[in-house]
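# Tertiary structure, described
Below are the chains, spelled out letter by letter.
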Amino acid sequence: MIKVKKSILGAAAAAVGGVLLANPANAFFEGKTVTVVVPSGSGGTFHLYGQLVQRHIGRHLPGNPNVVVQNRPGAGGVKAANYMAAAAPKDGTVIAEINPGSVIIPLMRKVRFDPREFNWIGTLSVRTYTLAVWNNVKADTIEKQRKTEVVMGASGVGSINYQLPTFLNAVLGTKYKLIKGYKGGGAINLAMERGEVQGRGNFYSGYLGAKPHWIRDKKVKIYATIGPVRPEVKNIPRLRDMVTDPFDRKMMGLVEVGFNVGQAFYLPPGTPTDRVAAVRKAFTAMLQDKALLDEAARRRVPVNARTWQDNERVVNDAFNVDPKVSKKLSSILGFNKSKKKKK
């Protein structure tokens, strides 16, 4: 499913403005190599979206630089975000993709990055997220999972596939057992095939992009969804409808931040403003590139874009949350910002 709103692209282009030929950024990128950092291992759609940017943004950057992908998995995207904040070159030659779940991590534990300081360049797609179990698992509804343990695969604490099941254990009484430490979606998929885990959280398009036959052959049973609604799963129960306590719904609002940010890309803080503007302009142009849209369609992943201004708004709104909400969610997810000694 390809969806790029003209109003979004027009707004982004207008906001970025023209980069004049005299702009120093035009000369800077020529002959350079630009790196796209992916916050996971290969084999999943995070890597796929990173590849789409790597293959198509170079044509729209001034000087047409070479573009490569670098995988930096770890802690559900926190490792990559820490690198971008503290160590990555701040000259426009390193672009990173965010792991959506990692955006709210600084509200709950000490890390080296603050997403409000990133130079957001836009989102390639916001996507429907699902919870699913392998086809032979009998506990295939939230109600059944309140009584029966289900083993779920996850990458790290910054990932949605860790945060969401852990949150549901606390507010809905599910009995998920989380096995974390996988290097990305591809590794979790292999774990499901091998029977190491029984289920996982995943974007619906994650299956279509990496394991389309799982959907075709009903290898997995999808039993809950969250985030933007996709027609193929519109009749699957929505998690937000199951969480009724007012305070719990505020916490769910934080959990949902990642779905509103989506597969977003950014430059590190401190990048010169002219280069930020050039990369934003290139990203916006790339979203209209037929070659990118055709490849996304072939690889069965949606393009449902958001502007860098959308990214900034979602992130800033998240960091204006009542501290009581983030503190409680921090406790649920197992973070310890208070540094209290265990008795």
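All values reported here derive from a predicted model rather than from experimental measurement.

Thresholds, definitions, all that
- Residues numbered from 1 in each chain as written.
- Predicted model: local features only at pLDDT ≥ 70, side-chain atom pairs only at ≥ 80, totals over all residues.
- Heavy atoms only, no water.
- Helix = DSSP H or I, 4+ residues; strand = E, 2+ residues; numbered from the N terminus.
- Rg over C-alpha atoms; globule rule 2.2 N^0.38 Å.
- Buried < 20%, exposed > 50% of the residue type's maximum accessible area, 1.4 Å probe, protein only.
- Areas by Shrake-Rupley, 256 points an atom, 1.4 Å probe, with all protein chains shown as cover.
- Lys, Arg positive; Asp, Glu negative; His and termini not counted.
- Charge placed at Lys NZ, Arg CZ, Asp CG, Glu CD.
- Salt bridge = Lys/Arg side-chain N within 4 Å of Asp/Glu carboxyl O.
- Contact = heavy atoms within 4.5 Å.

## Quick notes on the overall build of the protein
Looking only at helices and strands, one finds 16 helices and 12 strands in the protein. For 343 residues, the compact-globule estimate of 2.2 N^0.38 gives 20 Å, and the C-alpha radius of gyration of the protein, at 20 Å, lies within 12% of that figure. Along the first, second and third principal axes, the C-alpha set of the protein runs to 65 × 50 × 35 Å. Of all 343 residues assigned to the protein, the portion counted as buried reaches 58%. A total accessible area of about 14600 Å² is found for the protein, and carbon and sulfur atoms account for 49% of it. Of the side chains in the protein, 53 bear a positive and 24 a negative charge, and the two mean positions are spaced by 5 Å.

## A look at the pattern of salt bridges
Summed over the entire model, instances satisfying the criterion amount to 15 salt bridges. The residue Arg280 makes a salt bridge to Glu312 at a minimum N-O spacing of 3.9 Å. On the criterion of sequence distance, the pair formed by Arg280 in helix α13 (residues 273–286) and Glu312 in helix α15 (residues 308–318) is long-range, its members being 32 residues apart. Among the residues examined, Arg280 registers a relative accessible area of 11% and is labelled buried. What makes Glu312 partly exposed here is its relative accessible area of 30%. A salt bridge links Lys290 to Asp294; the shortest N-O distance between them is 2.6 Å. In this pair, Lys290 and Asp294 both sit in helix α14 (residues 290–298), four residues apart, roughly one turn of the helix.

## Section: the side chain of Lys211
Along the polypeptide, Lys211 turns up in the loop between α8 (204–210) and α9 (212–216). Beyond its immediate chain neighbours, meaning those up to four positions away, Lys211 contacts Asn189, Glu193 and Gly206.

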